[in-house]
Amino acid sequence: MAGISLKNIFKVYPGNVTAVHDFSLEIEDKEFIILVGPSGCGKSTTLRMVAGLEDITDGELYIGDRLVNEVAPKDRDIAMVFQNYALYPHMTVYNNMAFGLKLRKEPKEVIRQKVHAAAKILDIEHLLERKPKALSGGQRQRVALGRAMVRNPAVFLLDEPLSNLDAKLRTSMRSEISKLHKKLQTTFIYVTHDQIEAMTMGDRIVVMKDGFIQQVDTPQNLYNNPVNLFVAGFIGTPQMNFLNTTVHKTGDKYFARFGETMIPILPERASSDNIAKYIDKEITVGIRPEHLHVEKAGMEPGEYISIDVNIDIAELMGAEIYIYGNCSDTNLIAKVLPKDSPQAGTVAKLAISCADVHLFDSETGMVIK
């Protein structure tokens, strides 16, 4: 087993196109790391450099204590699971899983034991004599995982392995892969553009944009303490609301003015020294949909501040309702219980939880603390 160290990694393609900029990350042995970001952010390129399928333009890549920049993929002790499964259509499940071991000239009995052991863990023992065309998408994905497992690699690399599955199957396979990681006690690096996959599976998440790392943290810290507007908007469903506001000071208290509403800036959200620099300047206030409540009796002034929202759509999601509306020419989303939901076409008072707002510099996008 092995940790992985990426030190100042760059990937530059012909034409001076830089896909990955100065990527540095320490991945611990047995850690489950997720690389997440929109299409074209460099996450799959980074994974392919770890695998040895892409050359590293600059920087150093270590697996364990071994520098592997010039080491062939087959000698890196890694196994990769691809988005399209990459199964041989003319081979049975057994032979697909055994193929890499046969190339290594492992004894037949050892191959048989390893394949059956992996198939048992993945619940595909009954499929070993079938060919890929006779399998469902979820079963093919299990076979691809099994083919990687039998090699007992130091590192598993998974490149959007669930993107071809339907929503229900993706949900079940997320939990299967998480359980597999716990069973195998191996380092996993997993690439996805789906932030729900990232939030539910990873020990730590690496959020990327345009080839740069934006933030590396645990799922909960990413959600609670995003370092910039991009991370705040990318992590969370529905995405965070952003309000254009101006900072005002009254006495020793600070407020963010949104339309005619003065939103209190509590000391725990930003220090007076930091927020004082923004007096009479624009900042962006972020508020997650679950922190925008339908106003009720008993809500303490100063803890909550109400705004009038024109309700456009109420979207039933089962146990909750997403409210889409508009206030001061700003589109807003609130996540509320069905019993609290206002009707579309009405004006509702929604209360912002002041303790849960996030403050960002409108020019740099960075968080204000």
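Moving on, we come to helix H3 (residues 108–122). For H3, which comprises 15 residues, the first-to-last C-alpha distance of 21 Å matches the rise-based estimate of 21 Å (1.5 Å per residue) to within 8%. Taken as a whole, H3 has its buried residues at Ile111, Val115, Ala118, Ala119 and Leu122. Down the axis of H3, the smallest arc covering the buried residues is 100 degrees, so these residues share one side. Along its buried surface, H3 packs onto helix H2 (93–103), helix H4 (137–149) and helix H5 (167–184).

In the structure shown here, the tally under the stated rule is eleven salt bridges. Across the pair Lys11 and Glu54 runs a salt bridge whose closest N-O atoms are separated by 3.6 Å. Residue Lys11 is located in strand E1 (residues 4–13), and its partner Glu54 is located in the loop between helix H1 (43–51) and strand E4 (58–63); the two are separated by 43 residues in the primary sequence. Taking relative accessible area as the criterion, Glu54 reaches 18% and is therefore assigned buried.

For the rest of this paragraph, the subject is the sheet that holds strand E14 (residues 282–287). The five strands lie next to each other as E13-E12-E11-E14-E20, forming an open sheet whose pairing is antiparallel. The outermost strands of the open sheet, each flanked by one partner alone, are strand E13 (261–265) and strand E20 (358–361). Within this sheet the neighbouring strands show an average axis-to-axis angle of 40 degrees, counted without direction. Note that strand E12 (residues 253–258) and E13 share five bridges and pair antiparallel. Pairing of Tyr254 across the sheet is with Ile265, part of E13.

Criteria and thresholds
- Residues numbered from 1 in each chain as written.
- Predicted model: local features only at pLDDT ≥ 70, side-chain atom pairs only at ≥ 80, totals over all residues.
- Heavy atoms only, no water.
- Helix = DSSP H or I, 4+ residues; strand = E, 2+ residues; numbered from the N terminus.
- Expected span 1.5 Å × (residues − 1).
- Buried < 20%, exposed > 50% of the residue type's maximum accessible area, 1.4 Å probe, protein only.
- Arc of directions from axis to C-beta.
- Contact = heavy atoms within 4.5 Å.
- Salt bridge = Lys/Arg side-chain N within 4 Å of Asp/Glu carboxyl O.
- Pairing = 2+ DSSP bridges.
- Axes fitted to C-alpha atoms, helices over the stretch in contact; angles between N-to-C directions.

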